[in-house]
Amino acid sequence: MRLTDPWVSDARTQAVCRVLTDVGYQVFFVGGCVRNALLGAPVNDIDLSTNAHPEVVTELAQAAGLHVVPTGIEHGTVTVISGGLPHEVTTFRRDVETDGRRAVVAFAQTIEDDARRRDFTMNALYAKPDGEVVDPLGGLPDLVQRHVRFIEDAERRITEDYLRILRFFRFHAWYGDPHEGLDAEGLAASAALSEGLEGLSKERVTAEMLKLLAAQDPAPAMASMFMAGCLHRVLPGTDSKALPILLEFEQQAGVKPDPIRRLVALGGDQIETYLRLSKAQVRRVIGLRDSVSNMRKLAEVAYRHDAKTALDVALLRGAMFETPLSPDLNDQIAKGANAAFPIKAADLMLAYQGSELGKRLRALEDKWIASGFSLTKEALLR
C-alpha cells in the first residue's frame with residue numbers, strides 16, 4: 001500500500017526527507033498524517049520519525065539552508081521549516097519511566113520500539129518518503145475496520161498516560177465505526193482506571209474534551225464515556241443524555257458542530273470550573289446556560305445578544321427539555337435580531353439624569369420588549 005496524496009510528493013517535504021536519507025538515516029511519515037491519508041481525511045500536520053538524533057537533524061537541515069526550531073528538543077523533536085511549510089521531526093523513542101501524566105523517554109534505534117510507545121494501533125502506521133506504508137505492529141487492519149484499539153495491553157498503555165482514556169473516546173468519535181461499539185478491552189480498562197483522570201491538568205483535559213465534542217457525532221462515544229464512569233471524573237454533575245437530541249436538532253437547523261454548545265448540553269452548574277477555557281468561552285458557557293434556564297423568549301434573546309446565540313439557546317432548550325423545535329423558530333429569532341429600540345438617552349434627559357436616566361431607559365426597554373417590539377417611540381414617551 002502506498003500514499004499518493006500531493007503532500008507526500010511536495011518538493012518542500014521531500015527536501016526535508018532527503019536531508020536525512022542522503023546521508024544514510026531512516027525517515028518515515030508517522031501518525032496522524034498517515035492515518036488520515038489512508039482514511040481519506042484532511043492532513044493538516046506532517047510528522048516525521050527518524051533514527052537521527054535531534055542535534056544531527058538540526059545540523060543537517062541548517063546545512064541544507066532549512067530553518068530549524070527546537071520546539072521539543074528535550075523530547076527529541078525539532079520543527080524543520082522548508083519553503084514555509086513546517087515538519088515536526090522526532091527521533092525514534094522508547095519510554096523508560098512513566099507516572100500516568102508524563103514519560104521519561106530515551107532514544108531508540110528501531111521503528112518497532114518507536115511504534116510500541118504510541119497509544120493506538122491506527123496511530124502506529126508509518127510511510128517511507130516514497131509513500132510506501134510500513135505497519136510494524138499490524139495496525140492497518142484496525143484502521144481499515146475503523147477499530148480504535150490500544151497497542152498491546154490496554155491497561156499498560158493507560159497507566160503510562162491517563163489522558164489516553166479521553167483520547168480513546170475522542171478517537172472513536174472521529175475515526176471509529178459509528179455502527180460498532182467501542183473496543184471491549186479498551187472500554188473495560190478505561191472504566192477500571194478512570195480515577196487516574198482526576199490527576200490530569202485542566203489544560204490537557206480541556207483540549208481533549210473540546211476535540212471530542214467537535215466530532216460530527218460524538219454521542220455514542222460520550223454515552224460510553226458516561227456509562228464507564230469516566231465523564232463524571234472530569235466533569236462532575238454532567239450527563240450525556242441530551243447530546244444525541246441536540247445533534248438531531250443541529251442537523252435539522254443545518255448548523256455546524258460547536259463544542260461549546262455541546263458542552264453546555266451536558267449540564268452541570270459549574271462545568272466551566274473543571275476546564276481551562278478562555279475568558280470568551282467561559283462567558284459563552286455561562287451566558288448560554290443562563291439563557292436556557294431563564295426562559296426568555298427567543299426574540300428577546302436575539303435582541304439582547306444575537307441571532308446565533310438565540311439559535312443555540314433554542315437548540316439547547318429543545319435537547320435539554322426534550323421539546324420539538326418551533327416551526328417559526330427562524331421568524332422569532334429574526335424579529336428580535338432586527339429590532340431597534342426607538343428611545344435614546346437624549347429623549348429623556350430633560351426629565352431624568354444620572355442613574356435615574358439609566359433606570360428609566362431600562363424600564364422603557366423592558367416594556368418595549370414585552371410588547372413584542374411593537375410600542376412606538378411616541379407611545380413609550382407618553
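To be clear, the structure that these remarks concern was listed above.
None of the values given here were measured: they were computed from a predicted structure. Along each chain, numbering runs from 1 in the same order as the chain's sequence is written. Reporting in this predicted model follows two pLDDT cut-offs: at least 70 for local features of residues, and 80 or more for side-chain atom pairs to be given and counted; totals over whole chains, interfaces and linings ignore these cut-offs and use all residues. Water and hydrogen atoms play no part in the side-chain values, which are based on all heavy atoms of the structure.

1. Considering the pairing of strand 4 (residues 77-82)
A regular strand places its side chains on the two faces of the sheet in alternate fashion.
Logical step 1: Of all six residues in strand 4, five are buried, a share of seventy percent or more.
Logical step 2: Criterion used throughout: strands pair if DSSP finds at least two bridges between them. The secondary structure listing takes helices from DSSP runs of H or I that are at least 4 residues long and strands from runs of E that are at least 2 residues long, numbered from the N terminus. Here four bridges tie strand 3 (residues 67-72) to strand 4, and the two strands are oriented antiparallel to one another. Across the sheet, residue Val68 finds its bridge partner in strand 4, namely Val80.
Logical step 3: In textbook terms, the turn of a hairpin is the stretch between consecutive antiparallel strands, and for strand 3 and strand 4 this stretch comprises four residues, one of which, Gly76, has a positive phi near 90°.
Logical step 4: Pairing analysis gives six bridges linking strand 4 to strand 5 (residues 85-91), with the strands arranged antiparallel. Paired with Thr79 across the bridge in strand 5 is Glu88. Burial here depends on accessible area, computed with a 1.4 Å probe over protein chains only, as a share of the maximum for the residue type. Under 20% is buried, over 50% is exposed, and the range in between is partly exposed.

2. Description of unusual backbone geometry
Logical step 1: At Arg146, a position not held by glycine, the phi torsion is positive, near 55°.
Logical step 2: Along the chain, the position of Arg146 falls in the loop between helix 6 (140-144) and helix 7 (154-160).

3. Structural notes on the sheet that holds strand 9 (residues 133-134)
Logical step 1: Taken in spatial order, the seven strands line up as 3-4-5-2-1-8-9 in an open sheet, and their pairing is mixed. Each having just a single partner strand, strand 3 and strand 9 make up the two edges of the open sheet.
Logical step 2: Taken strand by strand, helix 4 (residues 54-63) contacts strand 2 (47-50), strand 3, strand 4 and strand 5, and its axis lies near 15° from that of strand 4. In this analysis, two residues are considered to be in contact whenever any of their non-hydrogen atoms come within 4.5 Å of each other. To get an axis, a line is fitted to the C-alpha atoms, and for a helix only the part in contact is used. The angle between two axes follows their N-to-C directions and goes from 0 to 180 degrees.

4. Some details on helix 3 (residues 32-39)
Logical step 1: Here helix 3 has its buried residues at Cys33, Val34, Arg35, Asn36 and Ala37.
Logical step 2: At the exit of helix 3 stands Gly40, carrying a positive phi of roughly 75°.

5. Thoughts on the packing of helix 8 (residues 163-175) against helix 11 (residues 219-227)
Angle between the axes and distance between the axes are the two parameters that describe a pair of packed helices.
Logical step 1: Taken N-terminus to C-terminus, the directions of helix 8 and helix 11 make an angle of 155°; their axes are 8 Å apart at the nearest point. With respect to their mutual orientation, helix 8 and helix 11 come out roughly antiparallel. Where helix 8 crosses over helix 11, the two elements pack in a sense that is right-handed. Within the contact between the two elements, helix 8 uses Leu166, Phe169, His172 and Ala173 and helix 11 uses Ala221, Ser224 and Met225.
Logical step 2: Per-class residue counts for the contact of helix 8 with helix 11 are five nonpolar, two polar and no charged. With respect to orientation, any angle under 35 degrees is reported as roughly parallel, any angle over 145 as roughly antiparallel, any angle of 65 to 115 as roughly perpendicular, and every other angle as oblique. Should the near helix be turned anticlockwise from the far one by less than a right angle, the crossing is termed left-handed; should it be turned clockwise, right-handed. In the scheme used here, Gly and all other residues not listed as nonpolar or charged are polar, with Ala, Val, Leu, Ile, Met, Phe, Trp, Tyr, Cys and Pro taken as nonpolar and Asp, Glu, Lys and Arg as charged.

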